[in-house]
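Architecture and fold: a report
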Amino acid sequence: MTARKSGSRLETEIERCRSESQWDKIPELVRQLSAKLISNDDLGELLLGECKLQTYLKENPIKQGASPRGPRPKLVEVRKHLTAALDRGNLKADYLQEASLLMAKLCYVEGEYRDALGHYSRVNLDDMQLGGAPVYRLSMIAEAYATKGLCLEKVPAASPSLSNKNTGSPSSNRSTTDREQEIITCYEKSGDIALLYLQEAEKALSAGIQNRSPKPGPTAQDLELGYFLETGLQRAHVIHFKNGNLTRGVGRFREILRAVENRTTQSLRMTIARQLAEILLRGMCEQSYWSPLEDPPTVSPLDDPTRQGHTHSKNYSLSRRPRVYSGENLFCPQENTEEALLLLLISESMANRDAVLSRIPEHNNDRIISLQSASVVYDLLTIALGRRGQYEMLSECLERAMKFAFEEFHLWYQLALSLMAAGKSARAVKVLKECIRLKPDDPTIPLLAVKLCIGPLHWLDEGECFAKMVIDMGEKAAEFRAKGYLAIGLVYSLKATDASLRSTQEEYQRKALGAFQRAQSLSPTDHLAAFYLALQLAVSRQIPEALGYVRQALQLQGDDVHSLHLLALLLSAQKHYHDALNIIEMALSEYPENFNLLYTKVKLESMCRGPEEALLTCKHMLQIWKSFYNLTNPSDSGRGSSLLDRAIADRRQLNAMTLPDFSDPETGSVHATSIAASRVEQALSEVASSLQSSAPKHGPLHPWMTLAQIWLHAAEVYTGMSKPAEASACTQEASNLFPTSHNVLYMRGQIAELRGNIDEAKRWYEEALSINPTHVKTMQRLGLILHQLQRYSLSEKVLRDAVQVNSTAHDVWNSLGEVLQAQGNAAAATECFLTALELEASSPILPFTIIPRAL
């Protein structure tokens, strides 16, 4: 009885050590077992053979793609132990099967593939029971299926030595397709059983089985897959993809990922998730996608059409399968990008959790591998999120990658680009500075920074510094040197526009012209260099020269919208309004949703065809805005009385009147106190204050600011028609969007003047100047009102300030002449009138600065 208890305890301990791969303890346990139970000597041979084989493989791991070559001296003892265990026949049936599996494994290691297949045939793997089997035996069976698959791949299908059934190989007349199916089935069974083994092993460890021994066993993290189990988990889908069977390959990926996770497979799961995401993004479209919970299609455009008749489907069953995630309310993706994004976010979480950040030399290789793995995930995230325009989310993901990013240019650069796309321009510039430090010889990085500085940020001094970085590179910048001069020319041009002193404006204009000429000489085939040179000449009122360069720009790129727009403005400056309108209409045929072109068209139509045509264009702009931005007017009241809806819905008066009759206060106005309007005012008040002063010359407008400008253009047309009620209603629409806009207040002053309310107009103009003290139109109108009120000195001061801001505003010079004449200063008045006439002769229908200046 004592011996039996001792044997039972030893067998349990041996089973535990085999399950936990503690091969160093096996010889001592075998010694104890042989001393107590003499009849089980053959079990000792089995255990010693297994122990030495596993130890050898641990010390000499098989590498992927390497073929074993011949016997090894250290394996001689392994074969001796296993041969003794098999030949004497004293083993129980289960142990005899295990000995055969080990012998087959040994044959594979020694390169004897046919002998290995023979052992598997005698064992008959399919008859081995998984139910109730010890944990270590699950591992042996999984390895056996993987090894059998490897042997079948190594041995030619028509090998004579495999022609009889005793060798365990397919018969000589078996088709290649059947053989491929058998190989795939071996790997898939191996993978399924490997997952089951790992789940059961971790379950046993967590239950504390190892604590039954005097010394605790390894933790769950110490379990290793090994070459054969890893092959079983990964080889099946490789063959599917190699054979052009993408459907089954994707299905196999999903089967592995749905299995309940354990610590040992976390790295493998991250790799598989990343690979599946890459396939979903690059090899599958929405039409060929199927849900993970659905059966794959029998015929799929993903698969090789030449092998459609040979598509393999799973045709086996196992008595025990690995546990899979199940339950109610589980998320299931519905299309390929959604599934890819889910997989990549899971992979990113795992990459961040397992990141190796230590910089000590011993961890250098692990850190490089960790970085490379994470970089691939973030590159795929960029593809997935970029397709959906989710740059905000992408930038947040890449910010989490910064823990990897010490001295890693690629991740810093990806973050900078994502911040740019997400509209986080200020932060993008800071990140680009780090990119410049990491890669100082790359001219494209400071050019990107310039693009942000002169675009949405309007940081002109910083933009000048970045542009000079490119210029200072000299020949290293190669073709980008011209871009550097173009960038610094744009900086000087914008500084000239912003300058308050005429001398400063002229100095910056001179520098801008020099930079654009240098860019044009370095890159004579670049249409942008010729265009911006033409634009700067136009701003400087050198109209004939500007026409020459804009025509040169159009010869280089005939469909450039800004060049066409500039040509129209130059023609209008020469008072060729009909020709300018024809150019605008031609440009709109190519760019029908360009609001800058439409603003100019409204002005030209008012001049050439009358205000009714201009109002038609205003309504068309409203329709384009609603379809282009697909937004709801925030000034809509609950009963839908907004002018936008009325203007778009009312088609009965389309030929006569584009906007509804605003004389009715109930239908022609919007409740300024509506909840929607108040929310928009609160959200956009800060944006309005920063953008209104610079728009449109500092870049694209906010959608709601575009809508407000449309209403203000309509109000201006109605003002020209002497219809103050309609103009007031349009202005109210713009006010509901941006109540603190100086443009809105200026238009209210215009309407008040139209109604003869001089004091009210003066109050509106003063409020507008309190918001934007350099708005020239407001300064000019206020100066005239002060002139009417006979406050000549103050009027002169306001108008002279306006001339300092914009020395090319002919109407300001004319108003200043009137004030000086009223004061009796005839000589100065005459000079102002002559200047006004000269400037008016070259004045465009809209300022040249309406054309955006951006890199």
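Here is what the cut-offs are and how they apply
Residues numbered from 1 in each chain as written. Predicted model: local features only at pLDDT ≥ 70, side-chain atom pairs only at ≥ 80, totals over all residues. Heavy atoms only, no water. Helix = DSSP H or I, 4+ residues; strand = E, 2+ residues; numbered from the N terminus. Buried < 20%, exposed > 50% of the residue type's maximum accessible area, 1.4 Å probe, protein only. Contact = heavy atoms within 4.5 Å. Core = buried A, V, L, I, M, F, W, Y, C linked by side-chain atoms within 4.5 Å. Expected span 1.5 Å × (residues − 1). Phe/Tyr/Trp six-rings, centres within 6.5 Å; stacked < 30°, edge-to-face > 60°. Lys NZ or Arg CZ within 6 Å of the ring centre and 35° of its normal. Salt bridge = Lys/Arg side-chain N within 4 Å of Asp/Glu carboxyl O. Axes fitted to C-alpha atoms, helices over the stretch in contact; angles between N-to-C directions. Parallel < 35°, antiparallel > 145°, perpendicular 65-115°, else oblique. Left-handed = near helix turned anticlockwise from the far one by under 90°. Patch = residues over 30% accessible without salt bridge, like charges linked within 9 Å, V, L, I, M, F, W, Y side chains within 5 Å. Areas by Shrake-Rupley, 256 points an atom, 1.4 Å probe, with all protein chains shown as cover. Polar contact = N/O pair within 3.5 Å; in protein donor to acceptor, adjacent residues only side chain to side chain. pLDDT = per-residue confidence, 0-100.

**Some thoughts on the overall build of the protein**
Assigned secondary structure in the protein consists of 36 helices and 0 strands. A burial count over the protein gives 53% of its 855 residues as buried. Once local pairs closer than 6 in sequence are excluded, the contacts in the protein between residues at least 24 apart make up 68%.

**Observations concerning the environment of Q509**
Structurally, Q509 is set in helix α20 (residues 502-522). Exposure remark for Q509: the relative accessible area of 18% places this residue in the buried category. Along the chain, Q509 and V539 lie 30 residues apart, while their C-alpha atoms are 8.7 Å from each other. Discounting residues that sit within four places of it in the chain, Q509 has contacts with A496, Q536, V539 and S540.

**Quick notes on the nonpolar core**
Counting 228 residues, the largest nonpolar core has F228, Y378, L566, L570 and F848 as the members making the most contacts within it. Core analysis: the second largest hydrophobic core is formed by 28 residues, A761, L816, A828 and A829 among them.

**A closer look at α20**
Given 3.6 residues per helical turn, the α-helix brings residues three or four places apart onto the same face. With 21 residues, α20 should cover 30 Å at 1.5 Å per step; its first-to-last C-alpha distance of 30 Å lies within 8% of that length. Residues of α20 that are buried: Q505, Q509, A512, L513, A515, F516, A519 and Q520.

**Digging into the packing of aromatic side chains**
Per the stated rule, a full pass over the model turns up 10 aromatic pairs. Where Y492 meets Y508, the ring centres are 6.1 Å apart and the plane angle is 20°; that geometry is what we call stacked. With Y492 in helix α19 (residues 480-498) and Y508 in helix α20, this residue pair connects regions lying 16 residues apart in the sequence. On the accessibility criterion, Y508 (21% relative accessible area) is partly exposed. The structure contains a cluster of three or more aromatic residues connected by ring pairs, namely Y108, Y113, Y227 and F228. Above the ring of W764, the side-chain terminus of R748 is found at 5.4 Å from the ring centroid. Positioned over the ring face of W764 is R763, at 4.7 Å from the centre of the ring.

**A word on the pattern of salt bridges**
Scanning all chains against the criterion turns up 42 salt bridges. Notably, a salt bridge pairs R18 with E50, separated by 2.8 Å at the nearest N-O pair. Remark: E50 occurs in helix α3 (residues 41-59) and R18 occurs in helix α1 (residues 2-19); sequence separation between them is 32 residues. In this structure E50 comes out as buried when scored by relative accessible area, which is 2%. Residue R18 is joined to E98 by a salt bridge in which the shortest nitrogen-to-oxygen separation is 2.9 Å. Pair noted here: R18 is in helix α1 and E98 is in helix α5 (residues 93-109), with a separation of 80 residues, a long-range link. Under the relative-accessibility criterion, R18 is labelled buried at 4%.

**A word on the packing of helix α34 (residues 792-805) against helix α35 (residues 810-822)**
Close contact between α34 and α35 brings their axes to 9 Å; oriented N to C, the two are set at 155°. One finds that α34 runs roughly antiparallel with respect to α35. In the crossing of α34 with α35, the sense of the turn from one axis to the other is left-handed. For the pair formed by α34 and α35, the contact residues are Y792, S795, E796, L799, R800, A802 and V803 on the first element and V812, W813, S815, L816, V819, L820 and A822 on the second.

**Comments concerning the packing of helix α13 (residues 364-388) against helix α14 (residues 391-400)**
In the contact formed by α13 and α14, the axes pass within 9 Å of each other and the chain directions differ by 170°. Here α13 is positioned roughly antiparallel relative to α14, judged by the angle of their axes. Of the residues in α14, those touching α13 at Y378, L381, T382, L385 and G386 are Y391, M393, L394, C397, L398 and R400.

**Some thoughts on a nonpolar patch on the surface**
Taken together, F331, L342 and I346 make up a surface patch of nonpolar side chains, about 280 Å² in accessible area. Structurally, L342 is set in helix α12 (residues 336-353). On the basis of relative accessibility, which here comes to 32%, the residue L342 falls in the partly exposed class.

**Regarding unusual backbone geometry**
Positioned with a positive phi, N124 is a non-glycine residue whose angle comes to about 60°. Locating N124 in the fold gives a position in the loop between α6 (113-123) and α7 (135-154).

**A few points about the environment of K476**
Tracing the backbone shows K476 in the loop between α18 (460-472) and α19. Judged by its relative accessible area of 61%, K476 is exposed. Once the C-alpha coordinates of K476 and D442 are considered, the two residues, 34 residues apart in sequence, prove to be 8.6 Å apart.

**Examining the side chain of S190**
Examined against the element boundaries, S190 turns out to sit in helix α8 (residues 176-206). You can call S190 buried: its relative accessible area is 0%. A polar atom in the side chain of S190 sits 2.7 Å from the backbone oxygen of A142. Non-local contacts of S190, meaning those with residues more than four positions away in its chain, are made with A142, Y145, A146, F228 and G232.

**What to know about helix α36 (residues 826-840)**
End to end, α36 covers 21 Å across 15 residues, agreeing with the expected 21 Å (1.5 Å per residue, within 8%). Those residues of α36 that are buried are in contact with α35.

**Points about the confidence of the model for the protein**
Averaged over every residue, the pLDDT of the protein is 80; the share at 70 or more is 83%. Low pLDDT, under 50, characterises residues 160-174; the predicted model gives this stretch 25 contacts beyond four residues in sequence or across chains. Under a pLDDT of 50 for its full length, residues 633-701 has, in the predicted model, 126 contacts with residues more than four places off or in other chains.

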